[in-house]
Amino acid sequence: IKTNPIQFLLTGEVRLLTEKYLNKNNSVELITSYFANYSSYMKRNSEYFSYISGFKIGAGFRHYYKNGYYINPLFFYKQMSNTNIRTTWGPFAPVERWEYNNYISNVYSFQIQAGRVFDFKNFIADVYVGLGIRYIYANGVTVYKLDSYGTPYSTYQPWDGKSIFPSVHFGVNLGYSK
């Protein structure tokens with residue numbers, strides 16, 4: 001069982017990995033994670049708030065070479081729920097504009113990772129680097145609510161988007177081994 005503490009500290013993602021050896025040189029890796037992260041900041045006369053949560057599941061096939069080096073093709077699926085709120089303060093009204101945006105992202109990814117496992121009795125340090133490609137499909141709604149002088153106005157704009165982009169991966173997984 002392994003986890004990535006650096007990723008948890010930077011992004012709030014709690015990731016668990018387990019590896020089942022098939023033979024001396026091959027293993028199957030299963031990955032699951034949950035993440036929740038929020039941020040808020042001010043910019044000029046607007047306040048921004050963002051909340052992202054979701055989960056990830058994946059599987060990989062590791063082939064080990066000498067001295068703990070390995071190559072790992074990996075597939076995973078990630079679903080994220082994103083909520084963004086922007087409040088704009090006006091000179092005459094407390095809230096001039098309020099913007100709400102919510103969408104769901106489905107991410108499908110293929111990665112090739114290479115790394116080395118350092119085994120210290122029952123403690124494991126798994127250092128890796130890799131390249132991948134991600135396909136993202138997102139759909140959601142945008143709602144604007146203008147509230148100048150007490151008159152609310154809102155619009156509903158459904159949308160969807162698709163994108164494909166490359167990704168770079170590196171990190172250290174720490175864990176326990178029997």
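Residues numbered from 1 in each chain as written. Predicted model: local features only at pLDDT ≥ 70, side-chain atom pairs only at ≥ 80, totals over all residues. Heavy atoms only, no water.

Novice: Would you mind going over the overall build of the chain in detail, with residue names and values included?
Specialist: Counting secondary structure elements, the chain contains one helix and eight strands. Ordering the α and β elements of the chain from the N terminus gives β-α-β-β-β-β-β-β-β. Relative to its 178 residues, the chain shows a buried fraction of 34%. Taking as baseline every contact in the chain between residues at least 6 positions apart, the subset at least 24 positions apart corresponds to 57%. Carbon and sulfur atoms form 64% of the exposed surface of the chain, whose accessible area is close to 11200 Å². (Helix = DSSP H or I, 4+ residues; strand = E, 2+ residues; numbered from the N terminus. Buried < 20%, exposed > 50% of the residue type's maximum accessible area, 1.4 Å probe, protein only. Contact = heavy atoms within 4.5 Å. Areas by Shrake-Rupley, 256 points an atom, 1.4 Å probe, with all protein chains shown as cover.)

Novice: Give me the packing of aromatic side chains: which residues, what numbers.
Specialist: The description of an aromatic ring pair uses the distance of the two centres, along with the angle that the planes make with each other. Per the stated rule, a full pass over the model turns up eight aromatic pairs. A network of ring pairs unites the aromatic residues Phe-55, Tyr-77, Tyr-108 and Tyr-135 as a single cluster. Taking NZ or CZ as reference, Lys-56 lies 4.7 Å from the ring centre of Phe-76, over its face. Positioned above the aromatic ring of Tyr-69, the side-chain terminus of Arg-116 is 5.2 Å from the ring centre. (Phe/Tyr/Trp six-rings, centres within 6.5 Å; stacked < 30°, edge-to-face > 60°. Lys NZ or Arg CZ within 6 Å of the ring centre and 35° of its normal.)

Novice: I'd like a rundown of a nonpolar patch on the surface, residues and numbers included.
Specialist: Taken together, the side chains of Tyr-65, Tyr-69, Ile-71, Phe-75, Tyr-108, Phe-110, Ile-112, Ile-133, Tyr-135 and Ile-164 present a nonpolar region at the surface, about 990 Å² in accessible area. At the level of secondary structure, the elements contributing two or more residues to the nonpolar patch comprise β5 (69-88), β6 (97-120) and β7 (123-148). Turning to its location among the elements, Tyr-135 is positioned in strand β7. Take Tyr-135: its relative accessible area is 32%, and that puts it in the partly exposed class. (Patch = residues over 30% accessible without salt bridge, like charges linked within 9 Å, V, L, I, M, F, W, Y side chains within 5 Å. Salt bridge = Lys/Arg side-chain N within 4 Å of Asp/Glu carboxyl O.)

Novice: Can you break down the side chain of Thr-83 residue by residue, with the values?
Specialist: As for its placement among the helices and strands, Thr-83 is situated in strand β5. At 3.2 Å, the side chain of Thr-83 forms a polar contact with the side chain of Asn-102. (Polar contact = N/O pair within 3.5 Å; in protein donor to acceptor, adjacent residues only side chain to side chain.)

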